[in-house]
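Here is what each chain is made of, one letter per residue.
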Amino acid sequence: MAEQEASGLQVLLHTLQSSLDRESILAILQLLGDLLSVGTDRRIRYMISKGGSEALLWTLVDTARTASPDYVILLPLFRLLAKVGLRDKKFGQKALELEALDVTLILARKNLCHSQNLLHCLWALRVFASSVTTGAMLGINGAMELVLKVITPYTQKHTQVIRTAAEVLAALLKSKSNSRRAVNRSYVPHLLRLHQDWHSHDTANSFIPIRRALLLCLKHIAKLRSGREAFLAAQGMEILFSIIQNCLDDQSLEPVISIVLQILRQCYPKSPLPLLTTSSAYSFPVPGIVTSEAPRVLTEEDYEDDGEEEEDKDSDSEDVKEEDDDLETDVNKLSSKPGLDRPEEELMQYKAMCLELSCSFEELESKPGDDLKSDETEYANHHHILTAASPKRLFLNKDQISGGQEKEVLVQNSLLSRVKMGRSSIHLTSKRGPGMNSYRSVHSNDPGIGSSGSDVSDIQASFLEDAWDMDAISCPRISASFSNSTKTRETAEFIDQLLQTHLKPMVFHDPYLYMAKARKTRSVADFTMMAFPDFWGHCPPLSAQPMLQRKCGVQRIKILEDVRRLIQPSDIINKVVFSLDEPWPLQDTASDCLQFFSAFESGNLRKAIQVREFEYDLLVNADVNSTQHQQWFYFKVSGMRAAVPYRFNIINCEKPNSQFNYGMQLTLYSVKEALLGRPTWVRTGYDICYYKNHYLQRTAGTGAASGKCYYTLTFAVTFPHAEDACYLAYHYPYTYSALMTHLDILEKSVNRKQVYFRQEVLCQTLGGNSCPLVTITAMPESDSADHLEQFRQRPYQVITARVHPGESNASWVMKGTLEFLVSSDPVARLLRENFIFKIIPMLNPDGVINGNHRCSLRGEDLNRQWLSPSAYLQPTIYHAKGLLHYLGSIGRRPTVFCDFHGHSQKKNVFLYGCSIKETLWQAEATVGTSNLLEDVSYRTLPKILDKLAPAFTMSSCSFLVEKSRASTARVVVWREMGVSRSYTMESSYCGCNQGPYQGLQFGTGELEEMGAMFCLGLLVLELKSGSCSHQLLTRAAALLNAEEESLDFCLQRGSSNSSTASELDDEPPCLEEIEYGTDSSSDQEGSFSELDRQIQDCAFHKDEGEEEEEGTGQGRKAIP
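Keep in mind the model is a prediction, meaning the values are calculated, not measured.

Draft legend 1. Local environment of the overall build of the protein. Helix and strand counts for the protein stand at 44 helices and 20 strands. Taking all 1120 residues of the protein together, 59% fall into the buried category. Sequence-distant contacts, at least 24 apart, represent 80% of the contacts inside the protein between residues at least 6 apart. Surface exposure of the protein reaches about 44700 Å², of which carbon and sulfur atoms provide 50%.

Draft legend 2. Structural detail: the sheet that holds strand S19 (residues 909–912). Here seven strands make up an open sheet; going across it, the order is S14-S15-S17-S16-S18-S20-S19 and the pairing mixed. Among the strands making up the open sheet, the edge pair consists of strand S14 (755–764) and S19. Sheet twist, expressed as the average angle between the axes of neighbouring strands with direction ignored, equals 20°. In this sheet, strand S18 (residues 896–903) lies alongside strand S16 (residues 796–801) in parallel orientation, the contact comprising five bridges. By the bridge assignment for S18, Thr800 is matched with Asp899.

Draft legend 3. Highlighting the state of the cysteines. Applying the stated criterion to the full structure yields zero disulfides. With no disulfide of its own, Cys771 has Cys763 as its nearest cysteine by sulfur position, at a separation of 4.9 Å. Among the residues examined, Cys771 registers a relative accessible area of 0% and is labelled buried.

Draft legend 4. Broad picture of the nonpolar core. With 146 residues, the main nonpolar core has Trp536, Phe596, Phe648, Tyr727, Leu831, Phe900 and Phe1014 as its most contacted residues. Per-element tally for this core: the top contributor is helix H40 (residues 1004–1024), with 11 residues. The residues contacting Phe648, other than those within four sequence positions of it, are Leu594, Phe596, Tyr616, Leu618, Leu713, Thr714, Phe715, Val717, Phe719 and Leu728. Membership of the second largest hydrophobic core comes to 107 residues, among which are Leu105, Val147, Leu194 and Ile244.

Draft legend 5. Spotlight on the sheet that holds strand S9 (residues 666–670). Strand order in the open sheet made by the five strands is S4-S7-S13-S9-S10, with antiparallel pairing throughout. One side of each edge strand has no neighbouring strand; the edge strands of this open sheet are strand S4 (595–597) and strand S10 (682–684). Here the average twist between neighbouring strands, direction ignored, is 35°. Strand direction decides the pairing type here: S9 and strand S13 (residues 725–729), joined by four bridges, are antiparallel. What sits directly across from Ser670, in S13, is Cys726.

Draft legend 6. Looking closely at helix H31 (residues 736–749). Along its 14 residues, H31 runs 20 Å from first to last C-alpha, staying within 8% of the 20 Å computed at 1.5 Å per residue. In terms of burial, H31 is largely enclosed, as 14 of its 14 residues are buried.

Draft legend 7. Examining the packing of aromatic side chains more closely. As enumerated under the stated definition, the model contains 35 aromatic pairs in all. Here Phe614 and Tyr646 contribute two aromatic rings whose centre-to-centre distance is 5.4 Å and whose plane-to-plane angle is 85°, an arrangement assigned as edge-to-face. Here Phe614 is found in the loop between strand S5 (607–612) and strand S6 (615–619), whereas its partner Tyr646 is found in strand S8 (residues 645–653), with 32 residues between them in sequence. Residue classification places Phe614 among the partly exposed positions, given a relative accessible area of 25%. Aromatic pair Trp866 and Phe897: ring centres 6.3 Å apart, planes at 65°, arrangement edge-to-face.

Draft legend 8. Summary view of the pairing of S9. Counting buried residues in S9 gives five out of five residues, a clear majority hidden from the surface. By the alternation rule, side chains of S9 split into Leu666, Leu668 and Ser670 and Thr667 and Tyr669, which are all buried. Inspection of the sheet shows S9 paired to S10 by three bridges, in the antiparallel sense. Bridge pairing in S10 links Thr667 to Arg683.

Draft legend 9. Examining the pattern of salt bridges more closely. For the structure on display, the rule yields 36 salt bridges. Between Glu918 and Arg939 there is a salt bridge, and its shortest N-O distance comes to 2.8 Å. Highlighted residues: Glu918 in helix H37 (residues 916–922) and Arg939 in the loop between H37 and helix H38 (940–948), separated in sequence by 21 residues. By relative accessible area, Glu918 is classed as buried at 15%. What emerges from the salt-bridge pattern is a single network uniting Glu561, Arg564, Arg565, Asp571, Arg612, Glu615, Asp617 and Arg647.

Draft legend 10. Local environment of the environment of Leu36. As for its position among the elements, Leu36 is in helix H2 (residues 22–37). Residue classification places Leu36 among the buried positions, given a relative accessible area of 8%. For the pair formed by Leu36 and Val84, sequence separation is 48 residues and the distance between their alpha carbons is 8.8 Å. In this structure, Leu36 is in contact with Arg43, Ile44, Met47, Leu80, Lys83 and Val84, ignoring residues within four places of it in sequence.

Draft legend 11. The arrangement of the packing of helix H5 (residues 71–85) against helix H8 (residues 115–128) in detail. Running from amino to carboxyl end, H5 crosses H8 at an angle of 25°, the nearest separation of the two axes being 9 Å. Regarding the angle of H5 to H8, the classification is roughly parallel. Considering how the two elements wind past one another, H5 and H8 form a crossing that is left-handed. Contact residues: Tyr71, Leu75, Phe78, Arg79, Ala82 and Gly85 in H5; Gln116, Asn117, His120, Cys121, Trp123, Ala124 and Val127 in H8. Taken together, the residues that form the contact of H5 with H8 break down as eight nonpolar, four polar and one charged.

Draft legend 12. Expanded view of the packing of helix H4 (residues 52–64) against helix H7 (residues 100–110). Taken N-terminus to C-terminus, the directions of H4 and H7 make an angle of 45°; their axes are 10 Å apart at the nearest point. Considering their axes alone, H4 and H7 lie oblique with respect to each other. Pair H4 / H7 crosses with left-handed handedness. Here H4 contributes Leu57, Leu60, Val61 and Ala64 to the contact with H7, which in turn contributes Ala100, Val103, Thr104 and Leu107. The residue inventory of the contact of H4 with H7, partitioned by class, reads seven nonpolar, one polar and no charged.

Draft legend 13. Here's a closer look at the environment of Met353. Looking at the element boundaries, Met353 is found in the loop between helix H19 (331–335) and helix H20 (361–364). We classify Met353 as buried; its relative accessible area is 9%. Dropping the residues within four chain positions of it, Met353 is found in contact with Glu760, Val761, Leu762, Leu773, Thr775, Lys838 and Leu883.

Draft legend 14. Quick look at helix H33 (residues 808–821). The terminal C-alpha atoms of H33, which comprises 14 residues, lie 20 Å apart, in line with the 20 Å expected from a rise of 1.5 Å per residue. The element H33 is largely enclosed, with a buried count of 14 among its 14 residues.

Draft legend 15. The arrangement of unusual backbone geometry in detail. The backbone phi angle of Asp526 is positive, close to 55°, even though this residue is not glycine. Mapped onto the elements, Asp526 comes out in the loop between helix H27 (511–520) and helix H28 (532–536). The phi torsion at His629 lies on the positive side, around 70°, for a residue other than glycine. Residue position: His629 is located in the loop between S6 and strand S7 (634–638).

Draft legend 16. Seen up close, the side chain of Ser808. Mapped onto the elements of the fold, Ser808 is located in helix H33. Apart from the residues within four sequence positions on either side, Ser808 is in contact with Trp632, His731, Tyr732, Pro733, Tyr734 and Arg802.

Draft legend 17. Focus on the environment of Phe494. Following the sequence through the fold, Phe494 ends up in helix H26 (residues 486–502). The exposure class assigned to Phe494 is buried, which follows from its relative accessible area of 4%. Between the alpha carbons of Phe494 and Ile473 there is a distance of 8.2 Å; along the sequence they are 21 residues apart.

Draft legend 18. View of the pairing of strand S17 (residues 836–840). Counting buried positions over the five residues of S17 gives five, a clear majority of the element. Every second residue of S17 is oriented toward a common face, with Ile836, Lys838 and Ile840 on one face and Phe837 and Ile839 on the other, all of them buried. As paired strands, strand S15 (residues 770–778) and S17 are joined by three bridges and run antiparallel to one another. Residue pairing in the sheet places Val774 in a bridge with Ile839 of S17. Where S16 and S17 come together, five bridges link them in parallel fashion. Counted as the bridge partner of Val798 is Lys838 from S17.

Thresholds applied
- Residues numbered from 1 in each chain as written.
- Predicted model: local features only at pLDDT ≥ 70, side-chain atom pairs only at ≥ 80, totals over all residues.
- Heavy atoms only, no water.
- Helix = DSSP H or I, 4+ residues; strand = E, 2+ residues; numbered from the N terminus.
- Buried < 20%, exposed > 50% of the residue type's maximum accessible area, 1.4 Å probe, protein only.
- Contact = heavy atoms within 4.5 Å.
- Areas by Shrake-Rupley, 256 points an atom, 1.4 Å probe, with all protein chains shown as cover.
- Pairing = 2+ DSSP bridges.
- Axes fitted to C-alpha atoms, helices over the stretch in contact; angles between N-to-C directions.
- Disulfide = S-S within 2.5 Å.
- Core = buried A, V, L, I, M, F, W, Y, C linked by side-chain atoms within 4.5 Å.
- Expected span 1.5 Å × (residues − 1).
- Phe/Tyr/Trp six-rings, centres within 6.5 Å; stacked < 30°, edge-to-face > 60°.
- Salt bridge = Lys/Arg side-chain N within 4 Å of Asp/Glu carboxyl O.
- Parallel < 35°, antiparallel > 145°, perpendicular 65-115°, else oblique.
- Left-handed = near helix turned anticlockwise from the far one by under 90°.
- Nonpolar A, V, L, I, M, F, W, Y, C, P; charged D, E, K, R; others polar.

This is how it looks when you write it as structure tokens:
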């Protein structure tokens, strides 16, 4: 049957080409038209496969070359050609070979005064021009001059012809040779005048497709540097900026607005960043790093035109292809275990880091405080150090605070209870407008708010005293007590007084000990100041804050403000008010501008430029010894006015997208609020968006322009107090000194008869800082041989974090893990009694200290150094890997390895693992997987966490092994050490779009909770394993009964998180399209579907002669 259909179609096509009978040709065209007008594109593609395109083109050429072309045949033929040509990717080439291009151009020229015939010719030209190569050939043969004759100033006659001609011109200008020809022939000012004329007269918006097509012509020309120059010379920026001002709120003009914005951004003159060099302001001498010369200043000439490859490609399909291409498909690489990367005898040095395996019972009972040096005890106020004797404060969190009163932590409020209760006890901060105070929202029940408190009035009185220097208070000196300055000593005494009288009790924090630790911390810039939030401390807010609702059109408003800055610079101040690169003081405290500061641990702000009275451009510092990785920021700002919106633009961000576009806010800490009893980092900012700007990136190493641009993060902040000092950060900061303080206090808080807590140094970093290694387990029940043997045979769990310094959320998750493991929670006791935890809480101390986002002091990503790390250049990775190799060499390979990270472009918490089969399946590898044996238990832990942890989602987990990740901790530990459960745990900077936390941003409390839930997941994983001991099962069963089987209830009810997560995208829908590039997939000129509709409409009215000459239907929105 199929063969009969094929032969029948081929007979029709052959007859069409060979017949000289007019009626036969018309009958065949009618039959083909009827066949192709119904059904799907499959019929058309089938006809193409049988030579349909060639037959139609041959008939066109043959008919057109007669002495008197027959338009009764030509018009239906043109309609068929347009319909078929839209689906034939080689149609332009076929038309060129059969000389149909010249024939169509000749027919069009002959019919300039016959709109119906001309319209059909233009449809064919529109289809021919969809191929860039064919479009270039049409341009050579004068097609652009022809269609420009058709595109007249505003008229209500022949509008469909004018629209189609404009769309043909836009398609032709996709060819760069045609665009160059258009520039040379001064088409740009002519097209601007045409668009202005149609815009000004089309008050009813009836001819939007014509206006849009004219704009597309300008957009394609502007892809060339010469085109942008011609556009600027013709005052194009001013013209389009003026046009769009009154259009933004008109939804019907969306097809025009989007193209105008793209043209404005495209033609905005490219420029280098306002920096002398993009290299970091800090440098650290490391072997192998060659300091390059300062790169030259870049100009517009450096912004090269796109290459000669002119056809646009589907970016989405390319991304998928690249992702699949990155998958490792070499089974030998996936399954083979590489040899040891160091001499085997060298592993014995790590025996000293596993004293729990060899020491006697007496040696295990180490004395507390042995490692607290004299310079620390001079500062440390042990009144602030919590111990096991102060259980009321041990697990103070948002569920245990009511009216500012502390509740005793009882056994029944264990983690198991929170699994059951935590999902229904989330307090959502009410939505607030831009002018409302974040602190008032999240601290409505906090002490210190009110007029009757003596503390409040005392501190408020202090603010009024001229003797106190708010700037000095808000950024204390690390060694203030040793200063000879009278003013500095007075400030230190005042801070000490505030600490004694007004410090709100905080869990596991001591400002005096923090100062002592900060004095020992070594930084590249030799910081002498501390950030007040790190010194004073942070209390988690009582309630979670909702994600920011994105205001529709905010991105466009910000882009237009940038354009206005270019073309209307009268109110631009452009004054540098802070710079790490300038040796002289830039800040004028007497002026009205804000004061900035970032020279403290983890701080990052390189330069601040006052743009307008209440607007500032900010530049963050690249990682040390690098020109890249600008994302993390943390700085102090002071001298603000109250109730005044300040706008900040961070103009040198690198990532192509950000959660700031999807509800995420930055974090703010107010010094005055802290002194009033509310020492809290809160989410803040409004009118937030993240978009591509006009500043050129340079290629790493060469300093030449890369052709890519930076991105701007813009946000507005209304500060809670006048003359305050506030800290703004990308995320909740967690410094190295905070970690070292936390570890010391944790060590002193444990009951040493029950908890084995050992803190030691894994190694020294390049910067001369200690990388801590923590061991946590339970002390043996006694010194009997059986108990000591059980102690030493406990399996290991290894957890690491913060290899990327900017991922401070990983440290908050780690903080929750550490505090839970040393707690009196019954789950924590079971974990300690059955496992030995080896924890490296900060793999990149130097990066954290110096405000890096991703790299070490060598400017390299340490999580890409696990394959062959150097003991000298990557010491923390080298020794972490060595410790893991040592555990494997003595038969104590860890049950689970997990590296805590933060994720900037996804929501929720999720795991990355490793699977050979899943990788090969995803890559559609030809190698068979049926004979491959693989332990599938790598999926068990994420499934457990999906059921336990409110923030976790299984749907975002991935177990693919990519080539680009071959040297990460996750893949190397899996491949070289044979740990099947080797993971990276990613926590969003933003929050959740599923589960009980849906619509909420993460606070530090939620992150710490995730750390505790991870520990609970490890216990459940052990309970579900076949090797679980009878004793553990018995104790766990008793615990579940005591907890009313809350854990069992949670695990048996199914995964509430993943039930809907598979239906959720990584990003929620946005109120406006986030379009960063100047090319958009939504701007296909005269969409093929729309052209199909026009042809169909014409076919229905083919007997009516001349088209209707009014604008009805022309205002129909073009399909994007």
